[in-house]
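Observations on the three-dimensional arrangement
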Amino acid sequence: MEPIPSDPARLTVDSRCAHGEGVLWCERRQALLWVDIDGARLWMHLPAQGTSRSWPLPDRPGCIGLGQAGDLLLVLAKALYRADLDAALADGADAVPLVHLADVEPHEPRTRSNDGRADRHGNFVFGTMDESATKAPVGAFYQYSAAHGLRPLPLPPVAISNSIAFSADGRTLYWCDSVSAEIHCCDYDPARAQVGRSRVFARVDLPGTAADGSTIDAEGHLWNAQWGGARVVRYRPDGTVDRIVPMPVPQPSCCAIGGPGLDTLYVITSPQGLGQAARSAWPGSGNLFELRLPRALGLPDGRVVLP
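Report on the accompanying structure.

Criteria and cut-off values
Residues numbered from 1 in each chain as written. Predicted model: local features only at pLDDT ≥ 70, side-chain atom pairs only at ≥ 80, totals over all residues. Heavy atoms only, no water. Helix = DSSP H or I, 4+ residues; strand = E, 2+ residues; numbered from the N terminus. Rg over C-alpha atoms; globule rule 2.2 N^0.38 Å. Buried < 20%, exposed > 50% of the residue type's maximum accessible area, 1.4 Å probe, protein only. Contact = heavy atoms within 4.5 Å. Pairing = 2+ DSSP bridges. Axes fitted to C-alpha atoms, helices over the stretch in contact; angles between N-to-C directions. Core = buried A, V, L, I, M, F, W, Y, C linked by side-chain atoms within 4.5 Å.

1. Some points on the overall build of the protein chain
Along its length, the protein chain carries two helices and 26 strands. Relative to a compact globule of 307 residues, whose C-alpha radius of gyration would be 19 Å, the protein chain shows 18 Å and is just as compact. Along the first, second and third principal axes, the C-alpha atoms of the protein chain reach 50 × 45 × 40 Å. The buried share of the protein chain, reckoned over its 307 residues, is 57%. Across the protein chain, contacts joining residues at least 24 apart in sequence account for 49% of those joining residues at least 6 apart.

Written out as structure tokens, the structure reads:
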């Protein structure tokens, strides 16, 4: 089996996000979607055409999910919305039409929504984070479904929810608290919004590096973008390191595998928190990068049933 290349990823989109996050591949549209949290924008890129578009949002987004009907679940800082991307594309609108679905921790001023991903059963799982400098464990995890609305997931409280991903059968949930050096996994019951006892899946072995967004590939490996480490790490199903992909910027924040052949690793990045000297040294921070893989490793994301 041909090994994963260790060459640095190359530039895909010069998006210059203030805080790029949440990239995913939509196989129906043959498009990449991601968010700029601090810039409060939704982005889309079509690799076949080499074209990109972005739309302003009314609040900072944490993450997005693909809807089963072609719409999107848009998780803003304190609320969930259904986003009609087709309408925005059809008339060239400057904004995406939104329908409010649920509020998120409206009585907790310290938190905002952060990482999230659709499960394999029509629901969406996401977490919140502490925005204060203390980074206290006041964040929580939730499942959203059209049938049940917003339900808490009984996972430990966190400071920064991240690395949410699902196994191919949808019965294992991966997650982390970015202030820790561990990625966890647990059994997941989508119908009851319940989880089993969490266990350590992998440990980040580079000091000063935090686990950020993850994706699962078709071989059951987990790819994790590692903030501060200038790398994406592919972990085997047993949690050992399979491959380290170097990045040309220090803060990769999320990754996805897509492209027409499902054989391209895409990585979104962020300049958030970098000083002026660091921004000058790494001017590509905030852009989208890619690396061609030796075989089709993409596993399509789950899709959310939206009301």
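2. Overview of the sheet that holds strand S24 (residues 264–269)
The strand order across the open sheet built from four strands is S1-S25-S24-S23, with neighbouring strands paired in antiparallel fashion. Both edges of this open sheet fall to strand S1 (10–13) and strand S23 (252–258), since each of them pairs with a single strand only. Between one strand axis and the next, the sheet turns by 35° as a mean value, whatever way the strands run. Judged from the six bridges that link them, S23 and S24 form a sheet pairing that is antiparallel. If you follow Ile 257 over to S24, its bridge partner there is Leu 265.

3. Describing the sheet that holds strand S4 (residues 41–46)
Taken together, the four strands give an open sheet; going across it, the order is S2-S3-S4-S5, and neighbouring strands pair in antiparallel fashion. Looking at which strands have only one partner, the edges of the open sheet turn out to be strand S2 (20–26) and strand S5 (51–56). Taken over all neighbouring pairs, the strand axes of this sheet differ in orientation by 20° on average, direction set aside.

4. Some points on the nonpolar core
If you look at the biggest cluster of nonpolar residues, it comprises 22 residues, and the most contacted ones within it are Leu 33, Leu 42 and Leu 85. When contributions to this core are tallied by element, the ones reaching two or more residues are S2, strand S3 (31–36), S4, strand S6 (61–67), strand S7 (72–76), strand S8 (79–83) and helix H1 (85–91). Non-local contacts of Leu 42, meaning those with residues more than four positions away in its chain, are made with Trp 34, Val 35, Arg 53, Ser 54, Trp 55, Leu 57, Ile 64, Leu 72, Leu 85 and Val 96. In this structure, Ile 4, Val 232, Val 249 and Leu 291 belong to the second largest nonpolar core, which totals 16 residues.

5. Quick word on unusual backbone geometry
Positive phi is not limited to glycine here, since Ala 40 has a value of about 50°. Checked against the element boundaries, Ala 40 lands in the loop between S3 and S4. The class for Ala 40 is buried, based on a relative accessible area of 17%. In this model, Ser 163 sits at a positive phi of 60°, which is unusual for a non-glycine residue. Examined against the element boundaries, Ser 163 turns out to sit in strand S14 (residues 161–166). Owing to a relative accessible area of 0%, Ser 163 belongs among the buried residues under this scheme.

6. Concerning the pairing of strand S15 (residues 172–177)
Extensive coverage of S15 is indicated by the burial of six of its six residues. Because side chains alternate across S15, one face comprises the buried residues Thr 172, Tyr 174 and Cys 176, and the other comprises Leu 173, Trp 175 and Asp 177, equally buried. Note that S14 and S15 share four bridges and pair antiparallel. Across the sheet, residue Ala 165 finds its bridge partner in S15, namely Tyr 174. In this structure, the hairpin formed by S14 and S15 is closed by a connection of five residues, where Gly 170 is found at a positive phi of approximately 75°. Relative to strand S16 (residues 182–189), S15 runs antiparallel, the two sharing five bridges. By the bridge assignment, Thr 172 is partnered in S16 with Asp 187. Connecting S15 to the antiparallel partner S16 that follows it, the hairpin turn spans four residues.

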